[in-house]
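What follows is the residue order along each chain.
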Amino acid sequence: MAVLEVHKESDYLYMVYTPEQNNLDWLRRKFNDADTYFLKKTFLLNKNEIEFDSDANATSITFKIAKENHLDEGVYFLLDKYVFGISFNFYIAEECNVTEKWFIGARNTSVLRIMESIGVSEDFFVGGKKSESVSEREYKKMIKSLPTATELNKYVTSRLCNELRNFVGIKHDSESEFHKYLRQRNEMLSNGDVSENDYADFNLKRYESVLMNLKLMLRDENAYELRWEKEIVKIIQVLYPKYVVCKEQVSIKSSKKTPLRIDLLLGDADGNIDVVEIKRPHKMSLLTKTNSYRDNYVPLRELSGTIMQCEKYIYHMTRNAAETEKRLNLKFKKTLPRNYSFRIVNPKALIIMGRDVSDSQKLDFEIVKRKYKNVIDIITYDDLLRRLQTSIDFFKQNAVVRNSHENARNNKQEMS
């Protein structure tokens, strides 16, 4: 099995690569045909910078991946942007215990190039005393959360199983096996939750994490098909921290035999509930222009239908509120917090669907959103991106002010 090891020496970080069977002949042949080679699809090697030992029995090669930089906040290693194929600066504090897993995901996926592809352009710091730095533990947790090869295989099997089920009988329930694996893995990862002393820094990292995840979701919807709603829940609870309880796919009685199924039921600290309806981010617009309404923009059928669906949820929930409360509290009794119960007091709906409207549609879209008294908000996925980014900018600005005040206080103490 091939081995990659990180070594610190003098002013540099080096990667030592030992291939399977300790044989470098195949790599020498690669460099006979080309000047460069992507090792593990992550490290771009240049043959002019790779020194093969003159000993024909050499079993490994060594190449630089980072150079030491002395900053005001301490010593950081700056990764070689050419080697990693990125355009942003990635700094690692000197005291961090760096391994190859920091850079390589399942199936030789380059973690840093994924970060590049989703728009990371600012300097990125791991560890050390930088105010905007991600802690080493938090970064490792992020890496561990990436899909493993097993998860990817189970996902592909699950998707294929769902398609084949329409044509032939399937003996194994691959989808259930996939969800079971995800639950077990999430439980395992949750045991290593990070406890942050600085609440403000924790908030910043939390917002940056969900923003990065949302960008990945919008970039490849299919990869998140089976857990789309779960990921959106994380974003909602970051943007709307008043909600402490979330239940998915909740059924409520309707005037027909078939019950209505709510995507998400959210409860605040007092038990008051609201509903959330989630639609995938289709490319189609939410509004359309018709001559019959004097060139005004009106909701398209999907938006109008979603609003009407939410109105029905709220109507049937409040129609017999006491009975609905009783049913919900009985159903979720074992999973609700102690001394907590749902209450139906003027519930509202939150709708998440679609992408940005055009500049000419924005005014009419705002009017549409304010028209329905039972709808808290209609949010596009681009709205989510902007709200998260605005919050991140706010936290960063506060961090600068906080550090400035702290430095001034420390200087005053030293002078006294």
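About the criteria used
Residues numbered from 1 in each chain as written. Predicted model: local features only at pLDDT ≥ 70, side-chain atom pairs only at ≥ 80, totals over all residues. Heavy atoms only, no water. Helix = DSSP H or I, 4+ residues; strand = E, 2+ residues; numbered from the N terminus. Buried < 20%, exposed > 50% of the residue type's maximum accessible area, 1.4 Å probe, protein only. Contact = heavy atoms within 4.5 Å. Arc of directions from axis to C-beta. Phe/Tyr/Trp six-rings, centres within 6.5 Å; stacked < 30°, edge-to-face > 60°. Lys NZ or Arg CZ within 6 Å of the ring centre and 35° of its normal. Polar contact = N/O pair within 3.5 Å; in protein donor to acceptor, adjacent residues only side chain to side chain. Pairing = 2+ DSSP bridges. Axes fitted to C-alpha atoms, helices over the stretch in contact; angles between N-to-C directions. Salt bridge = Lys/Arg side-chain N within 4 Å of Asp/Glu carboxyl O. Core = buried A, V, L, I, M, F, W, Y, C linked by side-chain atoms within 4.5 Å. pLDDT = per-residue confidence, 0-100.

With respect to the overall build of the protein
Summing up its helical and strand segments, the protein has 12 helices and 17 strands in all. Taking all 416 residues of the protein together, 41% fall into the buried category. For the protein, long-range pairs separated by at least 24 residues make up 64% of all intrachain contacts whose partners lie at least 6 apart in sequence.

Description of helix α10 (residues 321-331)
Among the residues making up α10, those that are buried are Thr324, Leu328 and Asn329. Looking straight down α10, one finds its buried side chains confined to an arc of 125°; they lie on one side. For α10, the exposed residues lying more than 90 degrees away from the buried face are Ala322, Lys326 and Leu330. Contact partners of the buried residues in α10: β11 (243-252), β12 (260-268), β13 (273-278) and α9 (301-319).

Comments concerning the packing of aromatic side chains
Here the structure, examined in full by the defined rule, presents 19 aromatic pairs. Measuring from ring centre to ring centre gives 5.8 Å for tryptophan 228 and tyrosine 381, while their planes differ by 65°; the resulting arrangement is edge-to-face. Highlighted residues: tryptophan 228 in helix α8 (residues 228-239) and tyrosine 381 in helix α12 (residues 381-415), separated in sequence by 153 residues. Using a relative accessible area of 3% as the deciding quantity, one classes tryptophan 228 as buried. Feature note: the residues Phe88, Phe90, Trp102, Phe124 and Tyr139 constitute an aromatic cluster, connected by ring pairs. The ring of tyrosine 12 has lysine 64 sitting right over it, with the charged end atom 4.0 Å from the ring centre. Stacked on the ring of phenylalanine 38, the Lys or Arg arginine 113 has its end atom at 4.6 Å from the ring centre.

Description of the environment of asparagine 272
Here asparagine 272 shows up in the loop between β12 and β13. C-alpha separation for the pair asparagine 272 and lysine 348, spaced 76 residues apart in sequence, amounts to 10.0 Å. Among the polar contacts made by the side chain of asparagine 272, one reaches the side chain of arginine 343 at a distance of 3.5 Å.

What to know about the sheet that holds strand β17 (residues 375-379)
Across a sheet, strands are paired by hydrogen bonds formed along the backbone, either parallel or antiparallel in direction. Read from one edge to the other, the open sheet built from five strands follows the order β11-β12-β13-β16-β17, with strand pairing classed as mixed. The open sheet has two free edges, formed respectively by β11 and β17, since each of these has just one partner strand. Strand-to-strand twist in this sheet, taken as the mean axis angle between neighbours without regard to direction, amounts to 25°. Summarising the sheet, strand β16 (residues 349-352) and β17 pair through four bridges and their orientation is parallel. Residue pairing in the sheet places leucine 350 in a bridge with aspartate 377 of β17. Across the sheet, α9 lies against β11, β12, β13, β16 and β17, angled at about 70° from β12, the strand it touches most. Contacting β11, β12 and β13, α10 runs over the sheet at an angle of about 105° to β11.

A word on the pattern of salt bridges
Scanning the model with the defined rule gives nine salt bridges in all. Here lysine 130 and glutamate 132 are joined by a salt bridge, their closest N and O atoms 3.9 Å apart. According to the relative accessible area criterion, lysine 130 is buried, its value standing at 19%. Across the pair glutamate 231 and lysine 234 runs a salt bridge, and its minimum N-O distance is 3.4 Å. Of this pair, glutamate 231 and lysine 234 both sit in helix α8, three residues apart, which is roughly one turn of that helix.

Describing the side chain of glutamate 277
Along the chain, glutamate 277 falls in strand β13. The exposure class assigned to glutamate 277 is buried, which follows from its relative accessible area of 5%. At 3.5 Å, the side chain of glutamate 277 and the side chain of lysine 279 are in polar contact. Side-chain polar atoms of glutamate 277 contact the side chain of tyrosine 313, separated by 3.3 Å. For glutamate 277, the contacting residues outside a window of four places in its chain are Asp263, Thr306, Cys310, Tyr313, Leu350, Ile351 and Ile352.

Digging into the nonpolar core
Counting 77 residues, the largest nonpolar core has Phe43, Phe63, Ile65, Phe90, Phe103 and Tyr139 as its most contacted members. Those residues in contact with phenylalanine 43 that sit more than four places away from it in its chain are Leu4, Met15, Tyr37, Phe38, Phe63, Val83, Phe84, Phe103 and Ile104. The next biggest cluster of nonpolar side chains, apart from the first, holds 27 residues, and it includes Cys310, Met317, Phe365 and Ile378.

Observations regarding the side chain of aspartate 382
Within the secondary structure, aspartate 382 is located in helix α12. Judged by relative accessible area, aspartate 382 falls into the buried class, the value being 13%. Apart from residues lying up to four places away in sequence, aspartate 382 is in contact with Arg355 and Asp356.

Quick word on the confidence of the model for the protein
With 79% of its residues at a pLDDT of at least 70, the protein reaches an overall mean of 79. Mean pLDDT in the protein bottoms out at strand β14 (residues 287-289), which sits at 62, and peaks at strand β7 (residues 90-93), which reaches 95. Counting contacts from residues 192-198, a segment whose pLDDT is below 50, to residues more than four positions away or on other chains yields 12 contacts.

Focus on helix α4 (residues 136-144)
Given 3.6 residues per helical turn, the α-helix brings residues three or four places apart onto the same face. Looking at α4, one finds that the buried residues are Glu138, Tyr139 and Ile143. Projected onto a plane normal to the axis of α4, the buried residues spread over an arc of 140° and lie on a single side. Residues of α4 that are exposed and point more than 90 degrees away from the buried face comprise Arg137 and Lys144. Buried positions along α4 lie against β7, α3 (111-117) and β10 (124-126).

Some words on the environment of serine 254
When you line up the elements, serine 254 lands in the loop between β11 and β12. A residue is classified by how much of its surface remains accessible, and serine 254, at 18% relative accessible area, is buried. Residues serine 254 and methionine 317, spaced 63 residues apart in sequence, show a C-alpha to C-alpha distance of 8.6 Å. In this structure, serine 254 is in contact with Pro259, Leu260 and His316, ignoring residues within four places of it in sequence.

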